[in-house]
Number of protein chains: 2
Amino acid sequence: MALRNLRLVLEYDGTGYSGFQRQKGRRTIQQVLEECIEVISGEKVRVTGAGRTDAGVHALGQVVNFTTESRIAQDRWVPALNSVLPPDIRVKEACEVPLEFNARFCARSKVYRYTIDTAPVASVFTRHYAYHVPRPLDYSLMVAASRYLVGKKDFRSFCASGAGVKTFTREVKRIDWRRDGNLLHMEIEADGFLYNMVRIIVGTMIRMSNQGLPPETINDILAARDRRRAGPTAPAKGLVLVSVNY
Amino acid sequence: MALRNLRLVLEYDGTGYSGFQRQKGRRTIQQVLEECIEVISGEKVRVTGAGRTDAGVHALGQVVNFTTESRIAQDRWVPALNSVLPPDIRVKEACEVPLEFNARFCARSKVYRYTIDTAPVASVFTRHYAYHVPRPLDYSLMVAASRYLVGKKDFRSFCASGAGVKTFTREVKRIDWRRDGNLLHMEIEADGFLYNMVRIIVGTMIRMSNQGLPPETINDILAARDRRRAGPTAPAKGLVLVSVNY
């Protein structure tokens, strides 16, 4: 049987998982997905994910690929996988792609969104999907500060750990903020992200707002190339991988 | 100590509860709330809720009241209760009201919202908060049909059980539909609701859309005063009590 390469688009609620990537003794998205693929195809496969989301991080459009010798038709993968996957993981699309396609290395850019709940009392409906900050935040300061992060820059100050990273240079293509009642959403697109980069950016914005720092402070933090100059890491639960562009 | 009457505004995720009202051997919102009030005040109280939401139904603005002899200051109730309540129930407001106030009998109108997820694959993020109908629905038909429900009418056809009800006449003040991506939201305000009324209205709209019935069909269903003429009862999880007006 000929080898085929399949690409899936996944949505998941990361609340009950120790992140995307397989880890011994932990329940992860990758492990559950690979087990379900085995149930329906009888094959042990290894999936490659575009973004290795951390524990508690969600996805609206995670992309994975895997090679298979199974004869299952392209349009049967979505209903078949969803019939065995737990309800907090859904496959939204499945299609055959050239064998060269690799969900991780072929990605041109990824889009993440971070949500802050500014209500005095945290909403029960976003308790797993937003960071509760029950203080007034300076929205226009955060919007203005974000502009200093856009472009091709060294983001070492916004990286939790440099392990295995060759360069700290990433290109942030855009950062858009949106207000929806008590919720603030920050959407960020970049050609790649360093470890915890989005969560450190959000933590830095919140600290700048709390301390009333001018937006240009971002330039000093970037120039320092020192994690300690940026703000704290905002919690995982507010983060969602929105889409991956190829 | 003087008797005081306290009014609370509650938000809750009804997924893990057998509805609002106390029932032997079941975990309900009322029971958990009363136990938490006892923990902080030392008093056994009985709360009155404006709407007795069913198992799986949610609330953004449920209103309850109870009388207390406790000395706890008005502005301490919200943080004190939230420190002991489970994270799927939050108190948003607490204030002292005249002793005559009764959350149920003084309500002039209530607003409910019902959400339908029309995406081909159900979103994991609304899996507990929307009814998944993976078929195209005739939005303009449903909007047009809703208009025939507005006004003071006999809603016997839209009532699951007439037990304990003196009259089936209710005044629907408005029905507004809103589209948000794959989600359809129906918001309905009335001076009162019969048992399962909102869920039967939604089930009827969906059936009319599926069968391509004209909007005026609603008049025939109303005139029949017969539950069997209306559509099926839509699932509880799509329903949320938005607010109560006094």
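The model shown is predicted, which means the values in this text are computed figures rather than measured ones.

A. Quick peek at the relation of the copies chain B and chain A. The transform that puts chain B on chain A rotates by 180 degrees and translates by 0.0 Å along the axis, for an RMSD of 0.0 Å. The superposition operator between the copies reduces to a two-fold rotation axis. Considering only C-alpha atoms, the residue of chain B closest to the rotation axis is B:Phe125, which sits at 4.8 Å.

B. Here's a closer look at helix H5 (residues 217–224) of chain A. Residues and elements named next belong to chain A. If you check which residues of H5 are buried, you get Thr-217, Ile-218, Ile-221 and Leu-222. Projected onto a plane normal to the axis of H5, the buried residues spread over an arc of 140 degrees and lie on a single side. Each element contacted by the buried residues of H5 is listed here: helix H3 (139–147), strand S7 (151–154) and helix H4 (197–211). Arg-225 occupies a position one or two residues after H5 and carries a positive phi of about 50 degrees.

C. Looking closely at the interface of chain B and chain A. At the junction of the two partners, chain B supplies 22 residues and chain A supplies 21 residues. Of the roughly 1400 Å² buried at the junction of chain B and chain A (both faces included), carbon and sulfur atoms supply 69%. Sorting the residues of chain B by area buried against chain A places B:Val121, B:Val124 and B:Phe125 first, and these three jointly supply 41% of that buried surface. Linking chain B with chain A are 2 salt bridges, by the criterion used here. In this structure, B:Asp13 engages A:Arg127 in a salt bridge whose closest nitrogen and oxygen atoms are separated by 3.2 Å. On the surface where chain B and chain A come into contact, there are 6 residue pairs in polar contact (both at pLDDT 80 or more). Listing elements by their share of the side of chain B that touches chain A, those giving two or more residues are strand S1 (4–12), strand S3 (58–68), helix H2 (77–84) and strand S4 (89–97) of chain B. At 4 residues, the largest contribution of residues to the side of chain B that touches chain A is made by S4(B). Classifying every residue of the side of chain B that touches chain A by side-chain character gives 13 nonpolar, 3 polar and 6 charged.

D. Region of the structure containing the environment of B:Gly231. All names here are of chain B. Position of Gly-231 relative to the elements: it lies in the loop between helix H5 (217–224) and strand S10 (239–245). Taking relative accessible area as the criterion, Gly-231 reaches 2% and is therefore assigned buried. Distance in space between the C-alpha atoms of Gly-231 and Glu-100 is 40 Å, their sequence separation being 131 residues. Sequence-distant contacts of Gly-231, defined by excluding residues within four places in its chain, comprise Ile-200, Gly-203, Thr-204 and Arg-207.

E. Fine view of the domain arrangement of chain A. Residue and element names in this part refer to chain A. We note that the domain assignment places domain 1 (4–97) and domain 2 (109–245) within chain A. Centre-to-centre separation of domain 1 and domain 2, based on C-alpha positions: 27 Å. Approximately 1100 Å² of surface area, both sides summed, lies buried where domain 1 meets domain 2, with 58% of it carried by carbon and sulfur atoms. Taken together, domain 1 and domain 2 are joined by 1 salt bridge.

F. Spatial organisation of the packing of helix H3 (residues 139–147) of chain B against helix H4 (residues 197–211) of chain B. All names here are of chain B. In contact at an axis separation of 9 Å, H3 and H4 are set at 130 degrees when each is read in the N-to-C sense. Classified by the angle between their axes, H3 and H4 sit oblique to one another. The handedness of the crossing between H3 and H4 comes out as right-handed. Contacts between H3 and H4 involve Leu-141, Met-142, Ala-145 and Ser-146 from the former and Met-205, Ile-206, Met-208 and Ser-209 from the latter. Grouping the amino acids of the contact of H3 with H4 by side-chain chemistry returns 6 nonpolar, 2 polar and no charged.

G. Fine view of the pattern of salt bridges. Residues and elements named next belong to chain A. Taken as a whole, this structure holds 24 salt bridges over all chains when the rule is applied. Among the salt bridges present, the one from Glu-38 reaches Lys-44, with a minimum N-O distance of 3.3 Å. Linked through salt bridges whose partners overlap, the residues forming this network are Arg-174, Asp-176, Glu-187 and Glu-189.

H. Just the packing of H4(A) against H5(A), in detail. Residue and element names in this part refer to chain A. Between H4 and H5, the least distance of the axes is 12 Å, while the angle of their chain directions is 135 degrees. As the angle between them shows, H4 and H5 are arranged oblique. When you trace H4 past H5, the crossing you get is right-handed. Contact residues: H4 offers Thr-204, Met-205 and Met-208, while H5 offers Thr-217, Ile-218 and Ile-221. Of the residues that constitute the contact of H4 with H5, the class distribution is 4 nonpolar, 2 polar and no charged.

Criteria and thresholds
In this numbering scheme, every chain counts its residues from 1 along its sequence in written order. The lettering of chains begins at A and the numbering of ligands begins at 1, in the order of writing. Confidence filtering applies because this is a predicted model: local features only for residues at pLDDT of at least 70, side-chain atom pairs given and counted only at 80 or more, and all residues used for totals across whole chains, interfaces and linings. By convention in this description, side-chain values take in all heavy atoms of the structure and omit both hydrogens and water. Superposition of the copies used a least-squares fit over C-alpha atoms from residues whose pLDDT is at least 70 in both. When a residue's accessible area, from a 1.4 Å probe over protein chains only, is under 20% of the maximum for its type it is buried; when over 50% it is exposed; and in between it is partly exposed. Put simply, DSSP H or I for four residues or longer makes a helix, DSSP E for two residues or longer makes a strand, and each gets a number counted from the N terminus. To be clear, the arc concerns the directions from the helix axis to the C-beta atoms. The contact rule is simple, with two residues in contact once any of their heavy atoms fall within 4.5 Å. As used here, buried area is the combined drop in accessible area, with a 1.4 Å probe, of two parts when they are placed together. The salt bridge criterion pairs a side-chain nitrogen of Lys or Arg with a carboxyl oxygen of Asp or Glu, the two atoms within 4 Å. For this analysis, a polar contact is any N or O atom pair within 3.5 Å, provided that within protein one partner can donate a hydrogen and the other can accept it, and provided that sequence-adjacent residues contribute only side-chain to side-chain pairs. Residue type decides the class: Asp, Glu, Lys and Arg count as charged, Ala, Val, Leu, Ile, Met, Phe, Trp, Tyr, Cys and Pro as nonpolar, and the leftover types, Gly among them, as polar. Domain start and end points were adopted from an automatic or database domain assignment. A fitted line through C-alpha atoms represents every axis, and for helices the fit uses only the stretch in contact; the resulting angles, taken between N-to-C directions, go from 0 to 180 degrees. The labels follow the angle: roughly parallel below 35 degrees, roughly antiparallel above 145, roughly perpendicular from 65 to 115, and oblique for the rest. We call a crossing left-handed when the near helix sits turned anticlockwise from the far one by less than a right angle, and right-handed when that turn is clockwise.

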